[in-house]
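Close look at the chain arrangement
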Amino acid sequence: MKKTGTYNIRGNQCGKEKILLALLPFWTPLIPPQGISRIKGFLRKYGYRVKTVDVNLEDDFRKLYDKYFNTLRQYIPEHKRGNFYNIGNDVWREHMMAHINYEDEKKYFQLVKILVYKVFYCNLDDARVLELEYFVTEFYSKMEYYFLNLLDKEKPDVLGISVYRDTLPASLFAFKLAKKRYPRIKTIMGGGIFISQLSPNSPNFNFFREKTERFIDKIIIGEGELPFLKFLQGRLPESQRVFTKHDVNGETLGFTPVDMFDFSDFNPNHYSYLAAQGSSSCPNQCSFCNVTSFYGEFKKKNPRQTVEEMIELFQKYGTQLFYMLDALVNEVVFDIAEEFIKSGVSLYWDGYFRVDDACSRENALLWRR
Ligand code: SF4
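Residue numbers run consecutively from 1 along every chain, following the written order of its sequence. In view of the model being predicted, local features appear only for residues whose pLDDT reaches at least 70, and side-chain atom pairs are presented and counted only at 80 or more, with totals across whole chains, interfaces and linings using the full set of residues.

Brief notes about the packing of helix H1 (residues 34–44) against helix H8 (residues 225–232)
- For every element, the axis is a line fit to its C-alpha atoms; helices are fit only across the contacting stretch, and the angle between N-to-C directions ranges from 0 to 180 degrees. The helix and strand labels rest on DSSP assignments: H or I over at least four residues marks a helix, E over at least two residues marks a strand, and numbering proceeds from the N terminus. Closest axis-to-axis distance for the H1/H8 pair is 10 Å, and the angle between their directions is 45°. Taken together, H1 and H8 sit at an angle that is classed as oblique. Read as a crossing pair, H1 and H8 show a hand that is right-handed. Along its contact with H1, which presents Arg38, Ile39, Phe42 and Leu43, the element H8 presents Glu225, Phe228 and Leu229.
- Side-chain classes follow a simple rule in which Ala, Val, Leu, Ile, Met, Phe, Trp, Tyr, Cys and Pro form the nonpolar group, Asp, Glu, Lys and Arg form the charged group, and the remainder, Gly included, forms the polar group. Looking at the contact of H1 with H8 residue by residue, the class counts come to 5 nonpolar, no polar and 2 charged. For classification purposes, an angle smaller than 35 degrees is called roughly parallel, one larger than 145 roughly antiparallel, one from 65 to 115 roughly perpendicular, and anything else oblique. By definition, turning the near helix anticlockwise from the far helix through less than a right angle yields a left-handed crossing, and turning it clockwise yields a right-handed one. The contact criterion used is a C-beta to C-beta distance within 7 Å, with each C-beta placed from the backbone.

Pasting the structure below:
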């Protein structure tokens, strides 16, 4: 008999799944997670129960990260350290990734030595690799304990993880763990990694798809809200694994009104900044960059709306510092500055900026006001 009405992913009519959305380490917690807060706000309007978690706020993981870097630092002569915490991140991330994939310990140790050599031009012996290895093992052991407790407590039907380059190893580990322990949980991956290292145009993407087939059920590329909703409603083909805006007739939600973010699971005092956005995509068309192909044509938000939303957030949470999510703020900086002057409210905001507009005293004075 043909089904009518709205069905969920389990084939039950109108049942509402519990959804757990997470951001895993390591992502510097400067602003409350935007992507998962926006999806939460959107899905809650449709009656779904959603829990959002930022695992980066867990002190234990951060401490291990610090210990790893403090140890690695001792092995690298000062003149070779360079921008140590920046380039050292490549070693840490790739070491974390190698740890969850290795089969032969000897080759694995060799690989860690190569990673360190490629970044710092230093040779490590086995004893030093073993010391670094201790922190990585400890990280995954704590992550296993933490994540299984989380799954046990939240009992989600769907697990969604928003993934970026530096959160990929921990995210893959969590997906594998969830699927192994609770095969019934549907796992969905999205996030900014799909506009960079795992862009669908990159050779990495197909390799990644094959390697993760057993533990990542669905991949959402681009704005996640509408495909996620359609998936939950059972309106996307079960046999398809990768979804984009083409699966929702090219529709996007566009600029997010400030009340659409649901930050209720986060304490804004744990973050240095709040976030705001004055435009989407980028007016430039650099051929090597995925921003325009991912976010489509450049669009500016009404600057008054941008400023009103920032003031609303400031009044609600008391944070005066804002981080702008625009690809570049050059196109909006003048209008927003004018609107702030009219509003009489003082806030501080930071973002990516092409420096040529700054070569003018008048511009700098306007922004300062
Ligand atoms: S200016 Fe930056 S964000 Fe814009 S298209 Fe070029 S590289 Fe991408």
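Concerning the packing of helix H3 (residues 84–99) against helix H6 (residues 168–181)
- One can describe the packing of H3 onto H6 by two numbers: an axis separation of 8 Å at closest approach and a directional angle of 25°. The orientation of H3 with respect to H6, classified from their angle, is roughly parallel. Judged by the twist between their axes, the crossing of H3 over H6 is left-handed. Together, Arg93, Met96 and Met97 of H3 and Leu168, Pro169 and Ala170 of H6 make up the contact between the two elements.
- Across the contact of H3 with H6, the residue classes break down as 5 nonpolar, no polar and 1 charged.

Looking at the sheet that holds strand S6 (residues 242–243)
- Strands are treated as partners if at least two bridges between them are detected by DSSP. Spatial strand order, S2-S1-S3-S4-S5-S6: 6 strands in an open sheet with parallel pairing. The open sheet has two edge strands, strand S2 (49–54) and S6, and neither has a second partner.
- In the sheet, strand S1 (residues 18–23) pairs with strand S3 (residues 158–162) via 4 bridges, with the strands oriented parallel. Looking at the pairing, Leu21 lines up with Gly160 of S3.

Description of the pairing of S2
- One ladder, built from 6 bridges, connects S1 with S2; its direction is parallel. Opposite Leu23, over in S2, you have Asp54 as the bridge partner.
- Here the term right-handed applies to a crossover when the path leading from its first strand over the helix to its second strand runs clockwise, the strands being oriented away from the viewer. The handedness of the S1 to S2 crossover, carried by H1, is right-handed.

Examining the nonpolar core
- A set of buried residues drawn from Ala, Val, Leu, Ile, Met, Phe, Trp, Tyr and Cys, joined through C-beta atoms within 7 Å, is what defines a nonpolar core. To sort residues by burial, count the other C-beta atoms lying within 10 Å of each one's C-beta; a count of 20 or more means buried, 12 or fewer means exposed, and anything in between means partly exposed. C-beta atoms are built from the backbone. In this structure, Ala22, Ile161 and Ala174 are the most contacted members of the largest nonpolar core, which totals 59 residues.
- Per element, the largest residue contribution to this core is 7 residues, and it comes from H6.
- When near neighbours in sequence (up to four residues on either side) are disregarded, Ile161 contacts Ala22, Leu24, Ser171, Ala174, Phe175 and Met189.

A closer look at the sheet that holds strand S10 (residues 321–324)
- Taken together, the 3 strands give an open sheet; going across it, the order is S7-S10-S11, and neighbouring strands pair in parallel fashion. Edge positions in the sheet fall to strand S7 (274–276) and strand S11 (348–350), since each of these pairs with one other strand and no more. Between one strand axis and the next, the sheet turns through 35° on average, direction left out of account.
- Bridge count between S10 and S11: 3 bridges; the pairing is parallel. From the neighbouring strand, Tyr323 faces S11, where its bridge partner is Asp350.
- Along the sheet, helix H10 (residues 303–317) contacts S7 and S10; its crossing angle with S7, the most-contacted strand, is approximately 165°.

Description of the environment of Ala174
- As for its position among the elements, Ala174 is in helix H6.
- Taking the C-beta count within 10 Å as the criterion, Ala174 has 26 such neighbours and is therefore assigned buried.
- Considering only alpha carbons, one finds Ala174 and Tyr140, 34 residues apart in sequence, at a separation of 9.5 Å.

Section: H3
- To estimate the expected span of a helix, count its residues, drop one, and scale the result by 1.5 Å. The end-to-end C-alpha separation of H3 is 22 Å, in line with the 22 Å expected for 16 residues at 1.5 Å each.
- Among all positions in H3, only Gly88, Val91, Trp92, His95 and Met96 are buried.
- Next to the buried residues of H3 lie helix H2 (59–75), helix H4 (105–120), helix H5 (126–154) and H6.

Notes on the environment of Lys106
- Structurally, Lys106 is set in helix H4.
- In this structure Lys106 comes out as exposed when scored by C-beta crowding, with 9 C-beta atoms within 10 Å.
- Sequence-wise, Lys106 and Asp126 are 20 residues apart; in three dimensions their C-alpha atoms are separated by 9.6 Å.

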